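Listed below, chain by chain, are the residues.
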Amino acid sequence: MKCTGPAFLWNRTASDVAVRSFDEAFGLVRAELALASGSGDAAEVFSAHLEMLEDPMLREAVDSELAAGKQPLEAVDAACSCICAMFADIDDEYLRARVDDVRDVFARLREAMCGESAVREIPAGSVIVSTELLPSDTARIDFSSISGILCARGSVTSHVCIIAHAHGVPIRVGADISGIREGDIVEVDDPLVGGTANVVAQVRAAGRRVYANAGSVEEVRAAIAAGADGIGLFRTEFLFIGRECMPSEDEQRALYREALGACGGKPLTIRLLDIGGDKSLPYLPVPAEDNPFLGLRGIRFLLAHPELAETQLRAIAAAACEVRDAHPDWFAFGTPVRVMLPMVCTVDEVRRVRSMLAGVAGETCPVEVGIMVETPAAVLCAQELAAECDFFSIGTNDLTQYVMAADRGNASVGSLYDAQSPAVRRAVALTVAAAHSAVRPSSPVSAARPSGIPVGICGELASDPSATSWLLASGLDSFSLSRL
Ligand code: PEP
Ligand code: MG
């Protein structure tokens with residue numbers, strides 16, 4: 001789909017606009033943050049930002065750069081780098097993870113110095129033009145009012161792309177944004193938006209299931225209303241962004257209960273918290289790592305913090321039991337509640353989560369357990385894993401980066417990061433064959449399936465019309481699309 005609109009420059013420089021003094025900008029930002037921290041969903045975040053702004057350390061850092069002779073905007077940038085470097089060295093994991101908040105506060109100051117409101121309103125219909133948009137930036141964007149996004153950095157599977165696609169907003173990453181000025185009319189061409197109607201038609205014609213990906217209860221509702229056969233990927237980490245602390249077990253139970261209700265008996269695939277790599281939550285810091293995508297990510301992080309996984313599993317199990325009591329008919333042919341483990345590499349990881357689930361909710365808890373197949377290890381051990389799982393879902397976003405050894409967020413290896421490369425196609429074929437030939441022992445929740453377990457796809461590739469034919473030919477049972 002193509003769209004055009006006036007450019008809204010996210011990171012403006014001194015040459016784009018008149019520059020306000022630091023003091024004036026400071027006052028503006030303080031007033032806006034004080035207002036924003038008074039109410040609304042993100043009030044806690046804004047109040048933490050206000051505290052950070054008022055920390056004398058921030059002003060001292062800027063003053064010392066100004067005293068060294070830097071121009072105001074340069075001084076703000078230098079102070080930001082200096083404070084971020086200090087945070088990176090802190091031993092306390094929680095404080096270290098606040099570095100994104102520091103960047104946010106400085107970004108607001110910068111914006112205010114550039115002559116506009118600290119949190120500039122994005123005019124409806126704009127195309128946002130930016131070097132990069134971080135997860136914290138996306139929280140500031142009203143995706144329902146913009147036309148499109150152009151980003152110089154990032155990849156088609158970066159956080160901002162996933163969210164933009166979920167809202168049907170065309171986005172282009174790796175774009176040449178040099179020379180674009182505020183208000184210029186720019187075009188965004190995104191084949192992944194608007195083409196899903198064809199994908200849906202082909203998948204349905206082949207008799208396979210059409211699921212949707214969702215990151216909020218509203219998205220679950222919208223997908224079911226649009227005719228989805230269920231939710232193939234419910235990204236729970238998206239539920240927890242923009243908060244100051246982890247939701248309690250009871251809050252989580254209520255959320256899962258609501259999402260299950262919105263599905264009305266259709267499958268809801270709840271992925272356990274998938275953080276690490278490029279995703280972190282301010283209150284769940286991931287230790288600094290040289291190679292975060294090869295580090296404490298997904299299931300590894302959860303097994304290192306079992307209390308998190310147990311809370312989530314207890315909340316899901318409680319929601320499942322509540323729904324079963326209220327709607328026994330939804331469970332007549334099996335359970336619609338599916339728990340999915342991210343970033344699995346070994347059978348032991350699955351066994352450990354299963355035993356955790358049995359420990360917190362008993363053996364007869366009406367929940368299926370499956371995995372994301374997104375690592376080469378999972379593909380190569382798919383047979384052994386299928387014997388322990390109720391379903392597979394292929395996560396081509398990560399599978400591609402790990403198979404091709406190409407960072408999914410690094411545009412300079414973008415040509416290698418190809419989800420349709422022969423290596424990834426072969427990985428998909430191997431996974432489907434292993435899943436369909438799996439021999440499963442029966443369990444209290446799922447009857448024995450002599451002919452294997454179902455296998456779907458939930459990476460962005462599922463929505464790409466140019467891949468539909470070969471994905472169907474590979475035998476996948478379901479396609480979970482980023483938007484219906
Ligand atoms: C994937 O890796 O394909 C996937 C769907 O998960 P995420 O994009 O959230 O890592
Ligand atoms: Mg993934």
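These figures come from a predicted structure and were not determined experimentally. (Residues numbered from 1 in each chain as written. Chains lettered and ligands numbered in written order. Predicted model: local features only at pLDDT ≥ 70, side-chain atom pairs only at ≥ 80, totals over all residues. Heavy atoms only, no water.)

(A) Expanded view of the packing of helix α18 (residues 396-404) against helix α19 (residues 422-436). Where α18 meets α19, the axes come as close as 10 Å, and the angle between the chain directions of the two elements is 120°. Comparing the axis directions of α18 and α19 gives the class oblique. For α18 against α19, the interelement crossing comes out right-handed. Residue-level contacts link L399, T400, V403 and M404 of α18 to A423, V424 and A427 of α19. Counted by class, the contact of α18 with α19 contains six nonpolar, one polar and no charged residues. (Axes fitted to C-alpha atoms, helices over the stretch in contact; angles between N-to-C directions. Helix = DSSP H or I, 4+ residues; strand = E, 2+ residues; numbered from the N terminus. Parallel < 35°, antiparallel > 145°, perpendicular 65-115°, else oblique. Left-handed = near helix turned anticlockwise from the far one by under 90°. Contact = heavy atoms within 4.5 Å. Nonpolar A, V, L, I, M, F, W, Y, C, P; charged D, E, K, R; others polar.)

(B) Structural context of the coordination of the magnesium ion (ligand 2). Taken together, E374 (OE) and D398 (OD) make up the protein donors of the magnesium ion (ligand 2), found 2.0 to 2.2 Å from the metal. Of this pair, E374 sits in the loop between β10 (368-373) and α16 (376-380) while D398 is found in helix α18, placing the two residues 24 residues apart along the sequence. For the pair formed by E374 and D398, the shared burial category is buried. (Donors = N, O, S within 2.8 Å, 3.2 Å for Na, K, Ca; no water. Buried < 20%, exposed > 50% of the residue type's maximum accessible area, 1.4 Å probe, protein only.)

(C) Local environment of the nonpolar core. Counting 87 residues, the largest nonpolar core has V220, I231, F234, L341 and F392 as the members making the most contacts within it. With near-sequence residues (within four places) excluded, F234 lies in contact with A214, G215, S216, V217, V220, L239, Y256, A259, L268, T269, I270 and R271. In terms of nonpolar packing, the next biggest core, distinct from the first, is built from 27 residues, M52, L58, L73 and F87 among them. (Core = buried A, V, L, I, M, F, W, Y, C linked by side-chain atoms within 4.5 Å.)

(D) Representation of unusual backbone geometry in the model. The phi torsion at M343 lies on the positive side, around 65°, for a residue other than glycine. Its relative accessible area of 2% is what places M343 among the buried residues. Unusually for a residue other than glycine, A405 sits at a positive phi of about 50°. Judged by relative accessible area, A405 falls into the exposed class, the value being 69%.

(E) Representation of the packing of helix α10 (residues 217-225) against helix α12 (residues 249-263) in the model. It is at 9 Å that the axes of α10 and α12 come closest, and there the two elements cross at 10°. The orientation of α10 relative to α12 falls into the category roughly parallel. On the side of α10, the interface is formed by V217, V220, R221 and I224, while α12 contributes L255, E258, A259, A262 and C263. Class assignment of the residues belonging to the contact of α10 with α12 gives a composition of seven nonpolar, no polar and two charged.

(F) Seen up close, the pairing of strand β8 (residues 268-271). Burial along β8 is two-sided: the residues L268 and I270 and T269 and R271 are all buried. With three bridges joining them, strand β7 (residues 231-235) and β8 adopt parallel strand pairing. Looking across to β8, one finds that R235 is bridged to R271. Of the pairings in the sheet, the one linking β8 to strand β9 (residues 337-341) comprises four bridges and is parallel in character. (Pairing = 2+ DSSP bridges.)

(G) A look at the pairing of strand β5 (residues 185-189). Burial of β5 is one-sided: the residues V186 and V188 facing one way are buried, the residues I185, E187 and D189 facing the other way are not. The sheet contact formed by strand β1 (residues 2-9) and β5 spans five bridges and is antiparallel. The residue bridging G5 from the neighbouring strand is V186, located in β5.

(H) Examining the site of ligand 1 more closely. Taken together, 16 residues lie around ligand 1, and R235, R271, G395, N397 and R408 are the ones closest in. The contact in question runs from an oxygen atom of ligand 1 to an N or O atom on the side chain of R235, over 2.9 Å. One of the side-chain nitrogen or oxygen atoms of R408 is found 2.9 Å away from an oxygen atom of ligand 1. The set of elements that each furnish at least two residues to the shell around ligand 1 consists of β7 and α18. With three residues, the single largest contributor to the shell around ligand 1 is α18. Taken together, the residues of the shell around ligand 1 sort by class into four nonpolar, four polar and eight charged. (Near = heavy atom within 4 Å. Polar contact = N/O pair within 3.5 Å; in protein donor to acceptor, adjacent residues only side chain to side chain.)

(I) Geometry of a negative patch on the surface. Where like charges cluster on the molecular surface, the negative patch consists of E51, D55, E60 and D63. Examined against the element boundaries, D55 turns out to sit in the loop between α2 (43-54) and α3 (56-67). Given a relative accessible area of 35%, D55 falls into the partly exposed group. (Patch = residues over 30% accessible without salt bridge, like charges linked within 9 Å, V, L, I, M, F, W, Y side chains within 5 Å. Areas by Shrake-Rupley, 256 points an atom, 1.4 Å probe, with all protein chains shown as cover. Salt bridge = Lys/Arg side-chain N within 4 Å of Asp/Glu carboxyl O. Lys, Arg positive; Asp, Glu negative; His and termini not counted. Charge placed at Lys NZ, Arg CZ, Asp CG, Glu CD.)

(J) Expanded view of the domain arrangement of the protein chain. Along its sequence, the protein chain is carved into domain 1 (2-10 + 119-189), domain 2 (22-114) and domain 3 (196-481). Centre-to-centre separation of domain 1 and domain 2, based on C-alpha positions: 24 Å. (Domains from an automatic or database assignment.)

(K) Molecular detail of the sheet that holds strand β13 (residues 478-481). Around the barrel, which closes on itself, the eight strands sit in the order β6-β7-β8-β9-β10-β11-β12-β13 with parallel pairing between neighbours. With strand direction ignored, the average angle separating the axes of adjacent strands in the sheet is 25°.

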